[in-house]
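The primary structure of each chain is shown beneath.
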Amino acid sequence: MNIATAAVIVTSPDRNFVTLKLTTDDGLVGWGDATLNGRELSVASYLTDHVVPLLIGRDAHRIEDTWQFLYRSAYWRRGPVTMAAIAAVDVALWDLKAKAAGMPLYQLLGGASRNGLMAYGHASGRDQEELFDSIRLRLDQGFRSIRVQTSIPGIDAVYGVRAPAGDEPTRYEPAQRSAQPMEEDWDTRAYLRHIPTVFEAVRNEFGPELPLLHDVHHRLTPIQAARLGKDLEPYDLFWMEDCTPAENQDALRLVRSHTTTPLAIGEVFNTIWDYQTLIKDQLIDYVRSAVTHTGGITAMRKLLDYAAQYQIKSGIHGPTDISPVGMAAGLHLDLAIHNFGIQEYMQHGDLTNEVFRQTFTFTKGYLHPGNEPGLGVELDEEAATKYPYKPAYLPYNRLKDGTVHDW
Ligand code: GCO
Ligand code: MG
């Protein structure tokens, strides 16, 4: 089973996606997700210019060897572009191997460790009424865990809050199709004052059972994050996510020593090394990496097995900028590992679902990758050509005095 062709497909149904298609000499097709939000064409070029020529003629069964070859032979290791490119190759090879075996991928990873994967949905609102409506909508859709984000009085646009009324009420898409990133504003003191009042209101309305999550999106210093974690303790969060910018792993030591609110981190990490201190010193509770951005199934399996030794669980990143191919890869891994925690499920739009034909299911709050051989996702190339690439950027933040802050 040698690789005969490798092609990179860029398509923009509801948003931009980069997909790698590998074809073997015996006619099997494997898919890998290489989407890096706002920097899509860099990964497409990395693959087309530097990886595709190396793949032709290689034995598609040699997944570990191909991973090591791509990681080590580049000399320049790590980084989101490199690791997304390696991930795409790795996931496409796992798709091929599972198709060759006639099994869903999770079977090759050791088989199911559970019946389904608890997923959390996103709720947000510009005020309490909108937020409560949004939570009710997610509950009606079957979600049993909810991420809560709200507007902050005094701040015009806040991460995670859906577009103004008139748009589809549940759709939140962080990247905007435009030539320049949108500018948003930020005020940490206003945020720290407001958020605990939101969770108090949500608990009072929806009761003590519902798992609630919150994404801080890298906005705080360690001492600010420690305070927020403490202030949120009465509301029993499932996790507080990305509370500080992720580069400094030791920052979490200070947060950890002040609060029992569980901590999740890592959607912008791309290797196991970004977690080394966090895991061995048990500074976090959940690993937020995406298969797509962390070197694929091969690397994520090692990362999550390492985390398991320290009772740290998975919380795989599942926003809309992970394509259905990347999403399915995460679901197969989630089902197989022992230390599954929760899976983010942001739900793709109709156009995306037209381009990527999927077999994973969402029933009563639980995801399942399905039982088709491989990943269970096929890209419809004809449909993909209808949606050419459109430049889109994530927003960025400035403080009131104009200083650039973390988005
Ligand atoms: C999440 C994330 C996303 C990111 C986006 C950036 O927790 O789902 O924070 O919404 O902002 O994936 O590309
Ligand atoms: Mg996040």
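Just so it is clear, the model here is predicted, and its values are computed rather than measured.

### Description of the coordination of the magnesium ion (ligand 2)
Octahedral metals with six donors have ideal donor angles of 90 or 180 degrees. Tetrahedral metals with four donors have an ideal donor angle of 109.5 degrees.
Part 1 of the reasoning: The protein atoms that coordinate the magnesium ion (ligand 2) are Asp215 (OD), Glu241 (OE) and Glu267 (OE), at distances of 2.0 to 2.1 Å.
Part 2 of the reasoning: Sequence spacing among the residues donating to the magnesium ion (ligand 2) works out to D-x25-E-x25-E. With a gap of 26 residues between them, Asp215 in strand β7 (residues 212-215) and Glu241 in strand β8 (residues 239-241) connect regions that are remote in the sequence. The exposure classification of Asp215 matches that of Glu241, with both residues buried.

### Focus: the pairing of strand β12 (residues 340-344)
Part 1 of the reasoning: Burial analysis of β12 places five of its five residues in the buried class, the great majority of the element.
Part 2 of the reasoning: With two bridges joining them, strand β4 (residues 117-125) and β12 adopt parallel strand pairing. Opposite Ala119, over in β12, you have Gln343 as the bridge partner.
Part 3 of the reasoning: As judged from the three bridges shared by strand β11 (residues 313-316) and β12, these two strands associate in the parallel manner. Opposite Ile316, over in β12, you have Gln343 as the bridge partner.

### Regarding the site of ligand 1
Part 1 of the reasoning: Taken together, 16 residues lie near ligand 1, and Tyr159, His217, Glu267, Asp321 and Glu344 sit nearest.
Part 2 of the reasoning: The contact in question runs from an oxygen atom of ligand 1 to an N or O atom on the side chain of Tyr159, over 2.8 Å.
Part 3 of the reasoning: The side chain of Asp215 places a nitrogen or oxygen atom 2.9 Å from an oxygen atom of ligand 1.
Part 4 of the reasoning: Coverage of ligand 1 by the protein chains reaches 95% of its 340 Å² of free accessible surface.
Part 5 of the reasoning: Class assignment of the residues belonging to the shell around ligand 1 gives a composition of five nonpolar, four polar and seven charged.

### Considering the side chain of Glu344
Part 1 of the reasoning: Along the chain, Glu344 falls in strand β12.
Part 2 of the reasoning: At 2.9 Å, the side chain of Glu344 and the side chain of Arg288 are in polar contact.
Part 3 of the reasoning: Only 2.9 Å separates the side chain of Glu344 from the backbone nitrogen of Gly318, close enough to count as a polar contact.
Part 4 of the reasoning: Apart from residues no more than four positions distant in its own chain, Glu344 is found in contact with Tyr120, His122, Arg147, Arg288, Ile316, His317, Gly318, Pro319 and Met327.

### Comments concerning the sheet that holds strand β17 (residues 396-399)
Part 1 of the reasoning: The three strands are arranged β6-β17-β18 in an open sheet whose pairing can be described as mixed. Every other strand in the sheet has two partners, leaving β6 (183-186) and β18 (404-405) as the edge strands with one partner each.

### Things to note about the packing of helix α5 (residues 128-141) against helix α6 (residues 188-206)
Part 1 of the reasoning: Close contact between α5 and α6 brings their axes to 11 Å; oriented N to C, the two are set at 50°. Put simply, α5 runs oblique to α6. Judged by the twist between their axes, the crossing of α5 over α6 is right-handed. Residues Gln128, Leu131, Phe132, Ile135, Arg136 and Leu139 of α5 pack against Val198, Ala201, Val202, Glu205 and Phe206 of α6.
Part 2 of the reasoning: Taken together, the residues of the contact of α5 with α6 sort by class into eight nonpolar, one polar and two charged.

### Considerations on the sheet that holds strand β1 (residues 3-11)
Part 1 of the reasoning: Spatially, the three strands line up as an open sheet ordered β1-β2-β3, and their pairing is antiparallel. What marks the edges here is a single partner per strand, and that holds for β1 and β3 (29-33). Geometrically, the sheet is characterised by an average inter-axis angle of 20° between neighbouring strands, direction not taken into account.
Part 2 of the reasoning: The sheet strands contacting helix α1 (residues 40-55) are β1 and β2 (17-24), and the helix crosses β1 at an angle near 170°.

### Side note on helix α8 (residues 251-258)
Part 1 of the reasoning: Among the residues of α8, Ala251, Leu252 and Val255 are the ones counted as buried. With its buried residues spanning 85° around the axis, α8 presents them on a single face.
Part 2 of the reasoning: Contacts made by the buried residues of α8 are with α7 (222-232), β8, β9 (263-265) and α9 (276-280).

Analysis parameters
Residues numbered from 1 in each chain as written. Chains lettered and ligands numbered in written order. Predicted model: local features only at pLDDT ≥ 70, side-chain atom pairs only at ≥ 80, totals over all residues. Heavy atoms only, no water. Donors = N, O, S within 2.8 Å, 3.2 Å for Na, K, Ca; no water. Helix = DSSP H or I, 4+ residues; strand = E, 2+ residues; numbered from the N terminus. Buried < 20%, exposed > 50% of the residue type's maximum accessible area, 1.4 Å probe, protein only. Pairing = 2+ DSSP bridges. Near = heavy atom within 4 Å. Polar contact = N/O pair within 3.5 Å; in protein donor to acceptor, adjacent residues only side chain to side chain. Areas by Shrake-Rupley, 256 points an atom, 1.4 Å probe, with all protein chains shown as cover. Nonpolar A, V, L, I, M, F, W, Y, C, P; charged D, E, K, R; others polar. Contact = heavy atoms within 4.5 Å. Axes fitted to C-alpha atoms, helices over the stretch in contact; angles between N-to-C directions. Parallel < 35°, antiparallel > 145°, perpendicular 65-115°, else oblique. Left-handed = near helix turned anticlockwise from the far one by under 90°. Arc of directions from axis to C-beta.

By themselves, these observations are geometric and do not establish any function.
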